[in-house]
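These are the residues of each chain, in order.
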Amino acid sequence: MAGIIGYGAYIPRNRIRTDEIAQQWGREPASIRAGLLLEEKSVPGLDEDTITISVAAARDALARADVDPSRVGALYIGSESHPYAVKPSGTVVAEALGVGPEYHTADFEFACKAGTEAMFVALGLVESGRVEYALGIGADTSQGAPGDALEYSASAGGAAFLFGRENPVADVLDAVSYTSDTADFWRREGEYYPRHGGRFTGEPAYFKHVLGAARLILERTGIPPADFRHAVFHMPNGKFPLSVGAQLGFRRDQLETGWVVPTMGNTYSGSSPTGLAAILDEASPDDLILITSFGSGAGSDAFVLRATERLPEVRDRAPTVRAMLDGSRRYLSYGEYAKYREKIRMNS
Amino acid sequence: MPSPRYTRDIPARYRLDAARCSACGHVALPRRTICSGCRSQDMEPVRLTRRGTVVTSTVIHVPPDEFTTEAPYAMAIIETPEGARLMAQVVDCQAEEVVPGMELSLEFRRIRREGHGGILCYGHKGVPVRRHEA
Amino acid sequence: MRDVAIVGAGMTRFGELWDASLRDLFVEAALAGLGSAGADRVDSIYVGNMAAGQFVGQEHLGPLMADHLGMHGVPAVRIESACASGGAALRMGFLDIASGQSDLVLVAGVEKMTDGADVTNVLATASDQETEVYHGITFPGLYAMIARLRMERGTTTEEDLHWIAVKNHRHGAMNPKAQFRREISVDDVARSTMVAEPLRMLHCSPVSDGAAAVLLAPLDQARRYTDRPVRIAGSGMATSTIALADRPDPADLDVVRLSAERAYAMAGMSPERVQLAEVHDCFTVAEVCCLEALHLANGSEASQAARTGYSALGGRVPVNTSGGLKSKGHPVGATGVAQVIELFDQLRGEAGERQVPDAHVGLAQNMGGSGASSVVHILERV
């Protein structure tokens, strides 16, 4: 059986509070916080992008797995903020990690589910025996138009998972995908900010696909929600994942560990993967874990995992998600945020 | 930074691949053919540890054009445990905090980019170790 | 080797010379130099220039300048050693005369820095592009790292550095060729804009246009051109690592010591003989390092030399009586030649209010990069 043999996450150290953004646009901070369940979000430094976040997360995944990078046969990065429109992020990350040159790589894009897409393909290649080890990474420096509701959530970070057949920290019991063509959120070529269908992104998009994938994998594995110790669903805001979890029959305490969105924001392709990393930071051997992503367009991937005895042994080889969320932070004013996110028109 | 030149420098910039002199132990980043310490040509590859100590530092307030949005930023000469010395920015802290003796980890970051449409250039920057030591 | 003398000199004013082009500057200085010696034609030309290719997009300065002097046909070549290009060109001219190859050589340094290039970027090309500039370091930044190391060790204080700028401006105020003919106070320096901590704007030499030219001849032919030739008693050059990080002690300008020791040896002189010096104060901290490395003052003496008056006019060794790079200006390729012109004037007793009484021996030290190259010349009245 294939599984996750190493994992790592990275969250930039800059933050902006929901209140700071709300005040900028003349909105009432308390109602925004309560409506979205968002306190603050991470902001990438001027020198951080999907590539640097992927390198940081993947270095920790390799450190936890203690695997020679040259044995990694495939590396996939899912993101909707690949720094190049044409030229792979994966090649930069692989060179930095010491992977290659005998490896396969591709950049994935499927809105917020590109990260689990990368994991899905990495897992499949390992299960098939095509490669010995494969990295699946989800990372983003998410875009949200100034003044748009997305601006409160769009944040930066990511997580990396190394798949292999020996010494897993979590076995993968099953993986499914549930997809339809739904234009709920998009960004056209050459456009800087994404657009979305407002409330159309909810029931016909997020809820339909997350419920579809989760119900499918619960049915296939035959494991009832009560048997899971942890579950994480894509986190476009604080409310949606709690609501979808409740609809599926999960208790709040099963959702708590992976629910990192209130202080991290929505890291798009990195969202549910980082939630999974936070769960692996805490999980005990034999804990059952459900992760379900969502990507606009639209679709969801779901995985059922079971933590192994090895997980607690390798956990301390890299920093935890919680340590990065609660550790050294720098709070930005909206002006600094606008500069950091390059929303100010400069002479170049 | 034209891309052929950038591509050649990837081993040193992305992986801190250096060379250690078998004769005198001097470590050079990037790799060199001839040891600058003793002129031996017996240089062996070594990959540097991604941490180091500040030897000396400054805070750049008047930057080259490409670094305008980043100023003021700290820069330091950093010595790795192997004894190699490298010049790098130090980030994710107040620039004034960066003084000789400070312990750093080296993280992979974007260093510069060629205008709006040119290539993106990566490498390592120093980050104070305190935060990740939880 | 033949003895070599300087027999003529001329220079432009240093400063932001908006009406003068690179070639205008060169021609003005060269004509003044040729005129001072009553010479019309030379055997060869050395052009000291750091970066005309980047500043104004012009390379191939040898023939360009020979052409504009109406001397096409004469061997002419551009010599580059970053900010030490002028000193290096002088050394080439010196060797040309000393070897017997030429009997009259024009050495002229020139730089046109204000034509719109990103000066910070251009100057930075004198350090290591791949390991230093790539990461965003600037020239003030490199010298700031040297200053911080000295301050960390307690050998130099910030106020010591302020005084160097004050002293050099006091000297420069008396120099009609200087870019800044005004005195400044310690407070002015301490309150000036931060450039690279701990160095502020008034610790830094300015961006300047200018040119400086000298004529060299064998000493035994010198009186054809002037009754007061000045002999080049010693010439020394040295190099160090291009990157500051690669030096065992980044605060030690070993290159200056090495170049000085070679010049002292050639001149057969000890440092005690030096009565005045022009040293490369591109940043105040460099003057401190250089005084030490030239053996003109020891550690704490060197740091405090400007404040105590040791290195001021009237002191034990007046340093940068011209105003130095700080006040006179620093058109990089011209600097090394202009330094020698100050000594030439002083040793001939023609320095006006800046005159060092009874000056017989002077030293000029010109540096490239963060101390990757250095050229020292020792001049003697004959």
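A quick note: this is a predicted structure, and the numbers were derived from the prediction, not measured.

The number of helices and strands found in chain A is 13 helices and 14 strands. Relative to the 2.2 N^0.38 estimate, which gives 20 Å for 348 residues, the radius of gyration of chain A is 19 Å and therefore close to what a compact globule would have. Counting every position in chain A, which comprises 348 residues, the buried fraction comes to 62%. Excluding contacts between residues fewer than 6 apart, the proportion of contacts in chain A whose partners are at least 24 apart in sequence is 79%.

Our next topic: the interface of chain C and chain B. Frequently, the measure chosen for interface size is the accessible area removed from exposure when the parts meet. Taken together, the contact pairs 30 residues of chain C with 37 residues of chain B. For the pair chain C and chain B, the summed buried area comes to about 2800 Å², and 55% of that belongs to carbon and sulfur atoms. The largest share of the area that chain C buries against chain B comes from Tyr 134, His 135 and Met 145 of chain C, three residues that together contribute 27% of it. Inspection of the region where chain C meets chain B yields one salt bridge. Across the pair Arg 32 of chain B and Asp 246 of chain C runs a salt bridge, and its minimum N-O distance is 3.3 Å. Elements supplying a minimum of two residues to the side of chain C that touches chain B: helix H5 (119-124), helix H6 (139-153) and strand E5 (194-196) of chain C. For the side of chain C that touches chain B, the element with the highest residue contribution is H6 of chain C, accounting for seven residues.

On to the packing of aromatic side chains, then. In this structure the tally under the stated criterion is 18 aromatic pairs over all chains. Ring geometry for Phe 108 of chain B against Tyr 122 of chain B: centres 5.6 Å apart, planes inclined by 5°, an arrangement best described as stacked. Of this pair, Phe 108 of chain B sits in strand E7 (residues 103-113) while Tyr 122 of chain B sits in strand E8 (residues 120-128); the two residues are 14 residues apart in sequence, bridging distant segments of the chain. Residue classification places Phe 108 of chain B among the buried residues on the basis of a relative accessible area of 3%. Relative accessible area serves as the criterion here: at 0%, Tyr 122 of chain B is assigned to the buried category. Taken together through their ring pairs, the aromatic side chains of Tyr 206, Phe 207, Phe 240 and Phe 294 of chain A make up a single cluster. Seen from the ring of Tyr 7 of chain A, Arg 64 of chain A lies directly overhead, with NZ or CZ sitting 4.1 Å from the centre. One Lys or Arg, Arg 252 of chain A, reaches over the ring of Trp 259 of chain A and ends 4.8 Å from the middle of that ring.

Next up on the list: a nonpolar patch on the surface. A contiguous nonpolar patch, built from Met 1, Leu 95 and Met 266 of chain C and spanning about 310 Å² of accessible area, is present on the exposed surface. Here Met 1 of chain C shows up in the segment before strand E1 (4-11).

Turning our eyes to something else, we now look at the domain arrangement of chain A. All names here are of chain A. Looking at the assigned domains, one finds that chain A contains domain 1 (3-169 + 317-340) and domain 2 (171-311). Each of domain 1 and domain 2 has a C-alpha centre, and these two points are 15 Å apart. Between domain 1 and domain 2, the residue contacts involve 59 residues of the former and 56 residues of the latter. Taking both sides of the interface into account, the surface hidden between domain 1 and domain 2 amounts to around 4400 Å²; carbon and sulfur atoms contribute 63%. Across the domain 1-domain 2 interface, the total number found is two salt bridges.

Here the focus is helix H1 (residues 22-36) of chain C. Residues and elements named next belong to chain C. If you check H1, its first and last C-alpha atoms are 22 Å apart, about what 15 residues at 1.5 Å a residue would give, namely 21 Å. Residues Leu 22, Leu 25, Phe 26, Val 27, Ala 29, Ala 30, Gly 33 and Leu 34 constitute the buried set of H1. Residues of H1 that are buried in the fold lie against E1, strand E2 (44-48), helix H2 (52-55), helix H3 (61-68), strand E4 (105-111) and strand E7 (210-218). Just downstream of H1, Gly 38 is the residue with a positive phi angle, here 65°.

With that settled, the discussion passes to the pattern of salt bridges. Scanning all chains against the criterion turns up 51 salt bridges over all chains. Ionic pairing is found between Arg 228 of chain C and Asp 227 of chain C, a salt bridge with its closest N-O pair at 3.9 Å. By relative accessible area, which is 58% here, Asp 227 of chain C ends up exposed. Through salt bridges that share partners, Arg 13, Asp 47 and Glu 48 of chain A together with Glu 70, Asp 92, Glu 107, Arg 109 and Lys 125 of chain B make up one connected network.

On to the arrangement of the chains, then. Most contacts, compared over the two pairs of chains touching, are made between chains B and C. You won't find any contact between chain A and chain C; their C-alpha atoms come no closer than 12 Å.

Looking now at the nonpolar core. Formed by 122 residues in total, the largest nonpolar core has its most connected members in Phe 161 and Phe 233 of chain A. Both domains that furnish three or more residues to this core are identified here as domain 1 (3-169 + 317-340) and domain 2 (171-311) of chain A. Discounting chain neighbours no more than four positions away, the residues touching Phe 161 of chain A are Ile 4, Gly 6, Tyr 7, Met 119, Ala 134, Leu 135, Gly 136, Pro 273, Leu 276, Ala 277 and Leu 280 of chain A. In this structure, Cys 204, Ala 238, Ala 293 and Val 332 of chain C belong to the second largest nonpolar core, which totals 74 residues.

Attention shifts here to the sheet that holds strand E8 (residues 170-179) of chain A. All names here are of chain A. On the basis of which strands lie adjacent, the open sheet formed by nine strands has the order E5-E4-E6-E7-E1-E8-E13-E12-E11 and mixed pairing. The strands lining the two open edges of the sheet, one partner per strand, are strand E5 (104-108) and strand E11 (230-233). With strand direction ignored, the average angle separating the axes of adjacent strands in the sheet is 20°. Bridge analysis of strand E4 (residues 72-78) against E5 gives five bridges, and the strand direction is parallel. Each bridged residue has a counterpart across the sheet, and for Gly 78 the counterpart in E5 is Phe 108. Sheet strands touched by helix H6 (residues 202-221): E8, E11, strand E12 (288-292) and strand E13 (299-307). Its angle to E8, the strand with the most contacts, is close to 135°.

Residue and element names in this part refer to chain A. With two bridges connecting them, strand E1 (residues 3-10) and E8 associate as antiparallel partners. By the bridge assignment, Ile 4 is partnered in E8 with Ala 170. With nine bridges connecting them, E8 and E13 associate as antiparallel partners. Counterpart to Val 172 in the pairing with E13 is Leu 305.

Parameters and conventions
Residues numbered from 1 in each chain as written. Chains lettered and ligands numbered in written order. Predicted model: local features only at pLDDT ≥ 70, side-chain atom pairs only at ≥ 80, totals over all residues. Heavy atoms only, no water. Helix = DSSP H or I, 4+ residues; strand = E, 2+ residues; numbered from the N terminus. Rg over C-alpha atoms; globule rule 2.2 N^0.38 Å. Buried < 20%, exposed > 50% of the residue type's maximum accessible area, 1.4 Å probe, protein only. Contact = heavy atoms within 4.5 Å. Buried area = accessible area lost by both parts, 1.4 Å probe. Salt bridge = Lys/Arg side-chain N within 4 Å of Asp/Glu carboxyl O. Phe/Tyr/Trp six-rings, centres within 6.5 Å; stacked < 30°, edge-to-face > 60°. Lys NZ or Arg CZ within 6 Å of the ring centre and 35° of its normal. Patch = residues over 30% accessible without salt bridge, like charges linked within 9 Å, V, L, I, M, F, W, Y side chains within 5 Å. Areas by Shrake-Rupley, 256 points an atom, 1.4 Å probe, with all protein chains shown as cover. Domains from an automatic or database assignment. Expected span 1.5 Å × (residues − 1). Core = buried A, V, L, I, M, F, W, Y, C linked by side-chain atoms within 4.5 Å. Pairing = 2+ DSSP bridges. Axes fitted to C-alpha atoms, helices over the stretch in contact; angles between N-to-C directions.

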